[in-house]
Amino acid sequence: QISDVSVASNDGSVQLGVTPPPLSFGDGTQISDLTYYAEKGCIVDVLAALNTPGLKTLGSRMLADYAKMPHRRVAVASNAKILEFVQNTALEIGLNSNSDDQSKFASSTWLGREYAVETVRSLTAAEENDGYLMNSPGLLQMLALVARGGPFVQHVSTGGGSGFSGLFAHTVTTTVAVPPPVFPDNGVPGPRLMLDSTFGVASDKARLHACIAIMNLSCGKSNKVEITNVPEVLEGMRDVMLGRHFSTPPRTSSSSSSRKNGLADEARLKATTCVKNLSNADANDAALLGTPGLVETLGYVAEATCHPRTGATTCTTHACLALMNLSISKANKNRVFRTPGVMDALMAVITRTAPRPGSPPREEGKKDPNFEARVKACSALSNLAIGYDNKIPMFRYAGFVESILTVIRTDDAEARTKACSILWSFAAEMKNQVPVVRRGDILPALVAVAKEDTKTEARFKCVAALTLLAESPENAVPLLKAGSLEPLMDVLQEAGPDPTQWRGQTASWCVGFLMNMAQCDDVVPALLQEGIVDLLAPLLSLDHYQSLKAAMAVTFVCKYDTGDKTYNLLRQTENVIPKIVGLLHNTLSGRGGSGYKYGVFTLRSSVGCIASLAAGPDFMKERIATSPVFESLLRVVSDFCVDGGTDGAIVGGGKDDTTSVTLAVRAMSLLVEHLIPQPRCAAMPFGADMDERLVTALRSFEETANPDIDDETKAMANSARVRVEGGRALYGSGGSVTSDSDQEDLSDGGGGLGLSLMKRALFFPCGMDLHVPSDPTPPLAVKGADEAMDVTDDGASSAAGSDASSSAAVRTFLLTESRTGRRYVVPRDPSGGRQFNDNRVWCFRRGRYCSEGEEPDRSYAWSDELQALYASALKEVTP
């Protein structure tokens, strides 16, 4: 019967606007009766007439049948009255019914609740219904409550009756609705009836339907955030995964392997899948992590569903995948790692899913729960290992390294790559590097993969790990003995000399490995014997990021060799020196450069390379004895010891990095000695402020009580400080002499050589000015200490290109002035390829002609004595 439709009277006339009487159904009603009226368009009136447990069961069953029909689903989902009836039926506990009906409504055997929830489940099978369902008020909360086992009730007994002092009193039992148990009071997975007589009235099947419905809705991209914003949903999924309040609890890892899955197992799978779907949206991380016990539950499910004998299930994979998603964000990594049970669960998964001896190889394309779960568990662990705060505790976690090495030994696919990635993350933490090598079992595994695996990214991960381990000097010899050099040099030889043709990043890491290894003097002979110089030489002349690492490696291995071959090789690295200087400054500034990101190079590498250049030929010293270099070295020393020092960064530095500061002091001492050969013979050319800060830092270093700083390095600091202070005294309180000093500052009365470059003719036996293009790159600009120094690679490459047509560099040698010990850089060939119209002035400190806009260092004045010494030396030196 339809309300608003005309009704015929007994005499046949039509009466408009008359409301018909409501429908009513008796105990003998069949589902066909309800369907008859529903097909007439009276479904809303039919549902309104259903008021007993039996009738509500029939109505909800009818709706469940309609919801399964593809052509009826949208009509059912779009009808708000139908959805309202479904919700009310699912939550019905008979509070306003008689005692008999109430006992039926509050029973887990009442089928009306199952059919109502099944109706929603069927509607969620079609994505086109999501809009109607998601906009239905209270629908998600209803599904969450049923999935959790509710509605929850308590049966309360009260006394009743009257008269005769209660002689005929009787007890009345009523049903009272109560909220769901809170998480800490839920206890372990167990029976439906809780200790406080709270009873969940939903059947196991109804709970399964609710879980499937929520899971289906969670597949919709636009639904994920909205569902996660309903706390009841997350709490319900948690309780289902834990197996709480089911009549038969789900299986665990200790259950018999022959036991079949029940409704609780199916519900747990759907709930886990739902959480996995929700975790795919980054915006849900906070809500998921904030739900009490949810992350712990994911760990519990991962372990419980992975049987020691039969291995993993789909539920295991989904739990590991949810943990993997939650551990992607940098902010979540430590939170997930610290969650009790998560590490042990993931370790159990990768151990129990290991291929067993004699098992057939996995078929490509065939679904294998063990393989999938293992990959997701290793991926989750790999994500966690990336976390900066996790690297040390994860490395030390009992049994973890052993489980990872088991994966590397027994797997040959994606899980192995993830396991190698974890070792790479461990090696990225400086405090782990030496312990990793000392363990004795990690290094052989890395070398083995680097040698054998040429098909997957596992080789790349292991090469990267070996490169990072080589950052610690203590590891160089063990790395060499473990055979790590051979496979990495093989990779470079296979890659070829052109970095633009390299595939992937493996070869690039190999160059970094050689650069790190070259910083240890104990392995340099072996590197030279293996031909590292010849292997890297083609990279030196390239305008490419790899030339920076190659030049640093060559500088390290050649710093003690003074032969002509080494000299010529170092000359090839000149165009890379600005890049090395830029690397040092960028590292200290916390930024990357051309071709590399911050953190790729340790501070020790860039400072060590500067120290090696400072120990090399004078033309090398000349190139780096600049204000930007001294500023950076001064920063390293100041961060170590001035005013108590500072905290270090991820690349090193600060008050705990004794290696970097030792190298910085050595470089500083060598460069100061280059600029001031003897105390009080000259001053630093960078101004009084720089002198003051140098003296403060060096004196503070001399006074440090750090036991890792040796006396030799302190003596070098003392020597440098004495020279700087002598230069300050030499030129008075005004500070150091600069290239802009007046002529009088260099007179005999000022303590100089008594000769001014402006007063002396610059002459050689040829009688003409020299043209020596030995330094194609203009010097770096000197800026104030508080300004940011922009030392880029572009300047070096463009300058080098501008002189590409110049003639070959002329060899130089040193003349030492006997009275002061100052060393003058002069050419072996006096003509120097001179051009007749070249009027540039020679600078005896730089060992080349001044570039445009430059002035010669006036403290290096030429004299008759030096001219005579030069003429005599030319007779003994072969140009």
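Just so it is clear, the model here is predicted, and its values are computed rather than measured.

**Here we look at the nonpolar core**
- Grouped together as the largest cluster of nonpolar side chains are 220 residues, with contacts concentrated most on Leu143, Phe426, Leu536, Ile610, Phe630 and Leu633.
- Looking at this core, the element that brings in the most residues is helix α30 (residues 545–558), giving 10 residues.
- If you look at the next biggest cluster of nonpolar residues, it comprises 13 residues, including Val826, Trp842, Ala873 and Leu874.

**Let's talk about the environment of alanine 720**
- Structurally, alanine 720 can be placed in helix α38 (residues 711–730).
- Relative accessible area serves as the criterion here: at 1%, alanine 720 is assigned to the buried category.
- When the C-alpha atoms of alanine 720 and leucine 694 are compared, they prove to be 8.9 Å apart, with 26 residues separating the residues in sequence.

**Observations concerning unusual backbone geometry**
- Glycine 150 connects to proline 151 through a cis peptide bond whose omega is 5 degrees.
- Backbone geometry at histidine 245 places phi at a positive 70 degrees, although glycine is not the residue there.
- Considering the arrangement of structural elements, one finds histidine 245 in the loop between α11 (231–242) and α12 (263–279).
- At aspartate 643, a residue that is not glycine, the phi angle is positive and equals roughly 55 degrees.

**Notes on a negative patch on the surface**
- On the surface, Glu486, Asp490, Glu494 and Glu530 cluster together into a patch of negative charge.
- Among the structural elements, aspartate 490 can be located in helix α26 (residues 485–495).
- We classify aspartate 490 as partly exposed; its relative accessible area is 31%.

**Considerations on the state of the cysteines**
- Tallied over the full model, the rule gives zero disulfides.
- The cysteine cysteine 378 is free of any disulfide, with cysteine 320 supplying the nearest cysteine sulfur at 9.2 Å.
- On the basis of relative accessible area, cysteine 378 is assigned to the buried category, the value being 0%.

**Examining the environment of aspartate 265**
- Of note, aspartate 265 is situated in helix α12.
- Classification of aspartate 265 by relative accessible area gives buried; the value is 7%.
- Placed 50 residues apart in sequence, aspartate 265 and cysteine 315 show a C-alpha to C-alpha distance of 9.0 Å.
- Among all residues touching aspartate 265, those that are not within four sequence positions of it are Pro250, Arg251, Arg259 and Lys260.
- Polar contacts involving the side chain of aspartate 265 include one to the main-chain amide nitrogen of arginine 251, which spans 2.8 Å.

**Describing the side chain of lysine 276**
- By the element assignment, lysine 276 lies in helix α12.
- Here lysine 276 is buried and forms no salt bridge, its nearest opposite-charge partner glutamate 372 lying at an N-O distance of 9.9 Å.

**Quick word on the confidence of the model for the chain**
- Taken as a whole, the chain shows an average pLDDT of 81; of its residues, 80% reach a score of 70 or greater.
- Scored below 50 in pLDDT, residues 161–168 shows two contacts in the model against residues more than four places distant or in partner chains.
- Of the regions scoring below 50 in pLDDT, residues 733–808 engages in 152 contacts with residues more than four places distant in sequence or in other chains.

**Focus: the packing of helix α33 (residues 603–614) against helix α36 (residues 658–675)**
- The interhelical angle for the contact between α33 and α36, taken along N-to-C directions, is 25 degrees, at an axis separation of 8 Å. Compared by their axis directions, α33 and α36 come out roughly parallel. When the axes of α33 and α36 are compared, the crossing they make is left-handed. Between α33 and α36, the residues in contact are Leu603, Arg604, Val607, Gly608, Ile610, Ala611 and Ala614 and Thr659, Ser660, Leu663, Ala664, Ala667, Leu670 and Leu671, respectively.
- Here the residues of the contact of α33 with α36 sort into 10 nonpolar, three polar and one charged.

Definitions and limits used
Residues numbered from 1 in each chain as written. Predicted model: local features only at pLDDT ≥ 70, side-chain atom pairs only at ≥ 80, totals over all residues. Heavy atoms only, no water. Core = buried A, V, L, I, M, F, W, Y, C linked by side-chain atoms within 4.5 Å. Buried < 20%, exposed > 50% of the residue type's maximum accessible area, 1.4 Å probe, protein only. Helix = DSSP H or I, 4+ residues; strand = E, 2+ residues; numbered from the N terminus. Patch = residues over 30% accessible without salt bridge, like charges linked within 9 Å, V, L, I, M, F, W, Y side chains within 5 Å. Areas by Shrake-Rupley, 256 points an atom, 1.4 Å probe, with all protein chains shown as cover. Salt bridge = Lys/Arg side-chain N within 4 Å of Asp/Glu carboxyl O. Lys, Arg positive; Asp, Glu negative; His and termini not counted. Charge placed at Lys NZ, Arg CZ, Asp CG, Glu CD. Disulfide = S-S within 2.5 Å. Contact = heavy atoms within 4.5 Å. Polar contact = N/O pair within 3.5 Å; in protein donor to acceptor, adjacent residues only side chain to side chain. pLDDT = per-residue confidence, 0-100. Axes fitted to C-alpha atoms, helices over the stretch in contact; angles between N-to-C directions. Parallel < 35°, antiparallel > 145°, perpendicular 65-115°, else oblique. Left-handed = near helix turned anticlockwise from the far one by under 90°. Nonpolar A, V, L, I, M, F, W, Y, C, P; charged D, E, K, R; others polar.

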